[in-house]
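Survey of secondary and tertiary structure
What follows is the residue order along each chain.
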Amino acid sequence: KTAGYATASVGKWHLGGRGYLPTDQGFDVNIAGNARGSPPSYFWPYERENNLGSVVHIPGLDEGGKEGEYLTDRLTDEALAWIEKHAETPFFLYMTHYAVHTPIQAKPQLAQKYHGKAVSNAQQDSDYAAMIESVDDSVGRIVAKLDEIGVADNTVVFFFSDNGGVGTITSMAPLRGMKGMLYDGGIREPMMVRWPGVTKPGSVSDAPVISTDFFPTILELAGIKPQLPARIDGETFTAALRGKAHDRGAMYWHYPHYGN
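Residues numbered from 1 in each chain as written. Predicted model: local features only at pLDDT ≥ 70, side-chain atom pairs only at ≥ 80, totals over all residues. Heavy atoms only, no water.

The next subject is a nonpolar patch on the surface. A grouping of Leu182, Ile187, Trp253 and Tyr255 is seen on the molecular surface, where their side chains present a nonpolar patch of about 390 Å² in accessible area. Residue position: Ile187 is located in helix 4 (residues 184-187). Here Ile187 falls in the partly exposed class, since its relative accessible area comes to 34%. (Patch = residues over 30% accessible without salt bridge, like charges linked within 9 Å, V, L, I, M, F, W, Y side chains within 5 Å. Areas by Shrake-Rupley, 256 points an atom, 1.4 Å probe, with all protein chains shown as cover. Salt bridge = Lys/Arg side-chain N within 4 Å of Asp/Glu carboxyl O. Helix = DSSP H or I, 4+ residues; strand = E, 2+ residues; numbered from the N terminus. Buried < 20%, exposed > 50% of the residue type's maximum accessible area, 1.4 Å probe, protein only.)

Structure follows, in structure tokens:
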């Protein structure tokens, strides 16, 4: 933001409420982010009544919705409108879908596409598959928008996940374990990068990366040299993106997630 970039967080935040929201952390805009890690519903008006009789809802999406509107699509609409608004200036979009996460709710017509299909690699939940396709569609729409406004060749896109799925809902096969575990099924995540003219399409890197590495990497890509703390946990992996060797050494972290 201090380097002149427009900044927006669209979707899940889950890093604290009042005083710790995206707008408290340097983002210009926060759309649909709060302290919750899962949505009350994936369908408009994105609310439900909790055990205490209070209505839980997603902030910022109250207006403009309609019956049958799907959360993943709505968040994408919001992101595309924001991108269009800032097409003439440098921008940083932090797009964080609530999907795929409980409650497992898919667009019925899309889920129907997967009903009755043979089990593949231990995957057998048609609603889960449809939710994934909705996220895929969102990514496609965002990339298409970058092409449309003429900034695709000067924009880097990162696709990343936070952890593995819940084993009672989906399968991480052939990886062992699931969300909350230190086995590969819990911590080995999908990551794709689109950096036109630099990262070779279809290439694969075995370099280890952890989410804290994004901060110094993105700063380097943007040519930004702000005053950084004396020590940060992340290390830039631009060498890997250029197809070169990258060895960040051992990674250490504490993840006290005992639910699974």
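Moving on, we come to the sheet that holds strand 5 (residues 91-96). Working definition: the strands of a sheet are paired by backbone hydrogen bonds and lie parallel or antiparallel to each other. Spatial ordering of the open sheet is given by 2-1-5, a layout of 3 strands whose pairing is parallel. Whereas interior strands pair on both sides, the edge strands pair on one side only; in this sheet they are strand 2 (29-31) and strand 5. On average, each strand axis in the sheet is tilted by 10° relative to the strand beside it, whichever way the strands run. Here strand 1 (residues 6-11) runs beside strand 2; their pairing, made up of 3 bridges, is parallel. Pairing of Ser9 across the sheet is with Asn30, part of strand 2. Most of the contacts of helix 1 (residues 71-85) go to strand 5, to which it runs at about 180°, and overall it touches strand 1, strand 2 and strand 5. (Pairing = 2+ DSSP bridges. Axes fitted to C-alpha atoms, helices over the stretch in contact; angles between N-to-C directions. Contact = heavy atoms within 4.5 Å.)

The subject of this paragraph is the packing of aromatic side chains. Applying the stated criterion across every chain yields a total of 11 aromatic pairs. With a centroid separation of 6.4 Å and an interplanar angle of 90°, the aromatic rings of Trp13 and Tyr94 are classed as edge-to-face. Of this pair, Trp13 sits in the loop between strand 1 and strand 2 while Tyr94 sits in strand 5, and the two are 81 residues apart along the sequence. Taking the relative accessible area as the measure of exposure, Trp13 reaches 9% and is therefore buried. Between Phe214 and Phe237 the ring centres are 5.7 Å apart and the planes differ by 80°, which places this aromatic pair in the edge-to-face class. One end of the pair, Phe214, is in helix 5 (residues 214-221); the other, Phe237, is in the loop between helix 5 and helix 6 (238-241), and 23 residues separate them in sequence. Note on accessibility: Phe214 and Phe237 belong to one class, buried. (Phe/Tyr/Trp six-rings, centres within 6.5 Å; stacked < 30°, edge-to-face > 60°.)

What follows covers the pattern of salt bridges. Applying the stated rule across the entire model yields 10 salt bridges. Taking the shortest distance from any N to any O, the salt bridge between Asp73 and Lys107 comes out at 2.9 Å. Of this pair, Asp73 sits in helix 1 while Lys107 sits in the loop between strand 5 and helix 2 (108-112), and the two are 34 residues apart along the sequence. Of the residues examined, Asp73 reaches a relative accessible area of 21% and is grouped as partly exposed. Residue classification places Lys107 among the partly exposed residues on the basis of a relative accessible area of 23%.

In short, the description is geometric, and any link to function would need to be established separately.
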